[in-house]
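# Understanding the architecture of this molecule
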Amino acid sequence: MNRYWTLSDRPVGAWPEAGTFERREDPIPTPGVGQALTRTIYVSLDPYQWGYKRRGVEPKGAPCHARTVAQVVESRIPGLSAGDFVFCTNGWAEYGLMGEGVPRPGYMVPRKLDPSLGPISWAVGVLGMLGLTAYAGMVLQCAPKAGETVVVSAASGGVGQIAGQLAKLRGCRVVGIAGKPEKQRFVTEVLGYDACVSHLSPTLAADLAAACPNGVDAYFENVGGACFEAVLPLFNPGARMSICGLIAHYGDAPGADAGAAERAAAEARGVTVTNLFVGDYVADHHDAFLNEMSGWVSAGKVVYREDIREGLEALPSAFAEMLKGGNFGKMLVRVGDDSTRDLRVV
Ligand code: NDP
């Protein structure tokens, strides 16, 4: 049987709670012509998935949507064989089909992975959509120059840790905003940011101002709320801001538009604001990004931390924790054996 999690029939509240999700099982599907059956290994847990659930994007009764890393069990797709590793969208399920006629967001194109580039879990992280998000927002949108000051919120998280390192590679002064002290230490000592302040501090605005004596030239926004309020008075003339995400607002009433309010406030100070949607960058930038980023990670110029939880049963609690800062690094759940894990030292 294929075990999976789906949204239960209860109304979806502001944040996930006990009973939001329900475990079900169905027979393992059989691949048709042009399809492959895959066994899920890693499920990627990302804040945007909560928006899908609150907006009712997912079909009722279907496995919760998620990007996954999986291994092919049976293939009727030319060029793909049993045993190959793939990026696909099985969601919160042990098995799934990929290929012709399998619904998925248009830009999440399933693909065969090359395990020699890095741990296969990185395909939903630094060598996948998260890395491309950081690259698009930092390199292409904020485009910081050497000597400029760049601020990144949720700096220790999946996207934030990569975004800040890309600004360091460009010779910027990089200041992070993170929660607990151990995350702040990771951001400065391991990621190499110049400073990191905490949004849990009652003096966040003053702390950030002290860490940015020359003002802020670029802001990579992952959070919103108090983080944005602290950055706003520090923007220099000609500053850029990329709105990647607004996780502090993901529990707001549907229809509220925190992004529009931030855009208006920043533009009133002369900041160039760009909304970021990673799907816009896949067709034109994915291959060049993958080439460049795999070079950086293998040379140790970009380091990457994951927070991997174990087992299908852990999915709802890991997801709820991640939305509240309980993850330390990119949040993943391993739901199936990763035979490549023992082959490499990570
Ligand atoms: P993270 O790994 O960064 O996890 C979320 C982190 O956000 C938490 O660990 C927590 O870190 C921080 N956080 C949560 N609530 C608050 C709060 N109220 N105030 C301050 N910090 C908070 O997630 P991702 O890297 O996957 O995603 C980061 C952002 O990027 C999200 O907003 C996401 O939606 C967005 N995104 C956007 C994409 C796009 O195409 N635009 C694509 C992919 C992601 P801490 O403990 O430090 O507070």
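Keep in mind the model is a prediction, meaning the values are calculated, not measured.

### Section: the overall build of the protein
Scanning the protein from terminus to terminus reveals 9 helices and 15 strands. Here the C-alpha atoms of the protein give a radius of gyration of 20 Å, agreeing with the 20 Å that 2.2 N^0.38 yields for 346 residues. With the C-alpha coordinates of the protein rotated into their principal frame, the extents come out at 60 × 45 × 35 Å. Counting across all 346 residues of the protein, residues that qualify as buried make up 55%. Across the protein, the fraction of contacts at a sequence separation of at least 24, relative to all contacts at a separation of at least 6, is 68%. Working note: accessible area of the protein is about 14,400 Å², and carbon and sulfur atoms make up 54% of it. Across the protein, the centroid of the 32 positively charged side chains sits 2 Å from that of the 36 negatively charged ones.

### A look at empty space enclosed by the protein
Taken as a whole, this structure holds 1 cavity of 30 Å³ or more when the rule is applied. Within this model, the largest cavity holds a volume of roughly 60 Å³. As for the largest cavity, its lining consists of Cys 88, Thr 89, Asn 90, Leu 97, Met 98, Gly 99, Val 102, Arg 104 and Pro 110. Among the residues forming the lining of the largest cavity, the class breakdown is 5 nonpolar, 3 polar and 1 charged.

### Quick look at the state of the cysteines
If you walk through the whole model with that rule in mind, you get 0 disulfides. The closest cysteine sulfur to the non-disulfide-bonded Cys 88 is located on Cys 64, 16 Å from its own sulfur. The exposure class of Cys 88 is buried, given its relative accessible area of 1%. Free of any disulfide, Cys 142 has its nearest neighbouring cysteine sulfur in Cys 172, separated by 9.7 Å.

### Some remarks on the domain arrangement of the protein
When cut into domains, the protein gives domain 1 (2–125 + 304–343) and domain 2 (129–279). For domain 1 versus domain 2, the separation of C-alpha centres amounts to 28 Å. At the interface, 21 residues of domain 1 touch 19 residues of domain 2. Taking both sides of the interface into account, the surface hidden between domain 1 and domain 2 amounts to around 1,600 Å²; carbon and sulfur atoms contribute 64%.

### Quick notes on the pattern of salt bridges
Evaluation of the coordinates by the stated rule reveals 16 salt bridges. With a closest N to O distance of 2.9 Å, Arg 23 and Glu 313 form a salt bridge. Here the residue Arg 23 occupies a position in strand β2 (residues 21–26), and Glu 313 occupies one in the loop between β14 (306–310) and α9 (315–323), the gap between them amounting to 290 residues. On the basis of relative accessible area, Glu 313 is assigned to the partly exposed category, the value being 47%.

### Brief notes about the site of the ligand
In the neighbourhood of the ligand, 26 residues make up the surrounding shell, with Gly 179, Lys 183, His 199, Leu 276 and Asn 327 lying closest. Within the backbone of Val 159, an N or O atom sits 2.7 Å from an oxygen atom of the ligand. One of the side-chain nitrogen or oxygen atoms of Lys 183 is found 2.6 Å away from an oxygen atom of the ligand. Summarising the interface, the protein chains cover 89% of the accessible area of the ligand, which totals 910 Å² for the free molecule. Contributions of two or more residues to the shell around the ligand are made by α3 (158–169) and α9. Across the shell around the ligand, the residue classes break down as 15 nonpolar, 9 polar and 2 charged.

What counts and how
- Counting from 1, residues in each chain are numbered in the order their sequence is written.
- Predicted model: local features are reported for residues with pLDDT of at least 70 only, side-chain atom pairs are reported and counted for 80 or more only, and whole-chain, interface and lining totals are derived from all residues.
- For the side-chain quantities, the full set of heavy atoms in the structure was used; hydrogens and water were omitted.
- Numbering of helices and strands runs from the N terminus, with a helix taken as a DSSP run of H or I at least four residues long and a strand as a DSSP run of E at least two residues long.
- Each radius of gyration is computed over the set of C-alpha atoms, and the globule rule expresses the reference value as 2.2 Å times the number of residues to the power 0.38.
- Burial classes: relative accessible area under 20% of the type maximum marks a residue as buried, over 50% as exposed, and values in between as partly exposed (1.4 Å probe, protein chains only).
- Residue contacts are defined here by distance: any two heavy atoms, one from each residue, within 4.5 Å place the two residues in contact.
- The protein chains shown are the only cover counted for residues, whose accessible areas, like all others here, come from Shrake-Rupley with a 1.4 Å probe.
- Positive: Lys, Arg. Negative: Asp, Glu. His and the chain ends are not part of the count.
- The location of each charge is read from NZ of Lys, CZ of Arg, CG of Asp or CD of Glu.
- Two kinds of site are reported from a 1 Å grid over the protein atoms alone, namely cavities, where a 1.4 Å probe fits but cannot get out, and pockets, open sets with protein on both sides within 12 Å along at least five of seven lines, and residues are called lining when an atom falls within 4 Å of a point.
- Grid points are joined across faces, edges and corners, and a volume is the space filled by probe spheres set on the points.
- Note on residue classes: Ala, Val, Leu, Ile, Met, Phe, Trp, Tyr, Cys and Pro are nonpolar, Asp, Glu, Lys and Arg are charged, and everything else, Gly too, is polar.
- Only a pair of cysteine sulfur atoms within 2.5 Å counts as a disulfide in this structure description.
- Note that the domain bounds were set by an automatic or database domain assignment.
- Accessible area that two parts lose when put together, with a 1.4 Å probe and added across both, is what the buried area reports.
- We define a salt bridge as a side-chain nitrogen of Lys or Arg found within 4 Å of a carboxyl oxygen belonging to Asp or Glu.
- The cutoff for a nearby residue is simple: one of its non-hydrogen atoms must lie within 4 Å of the molecule or strand.
- In protein, a polar contact requires one atom able to donate a hydrogen and another able to accept it; more generally it is a pair of N or O atoms within 3.5 Å, and residues adjacent in sequence count only if both atoms are side-chain atoms.

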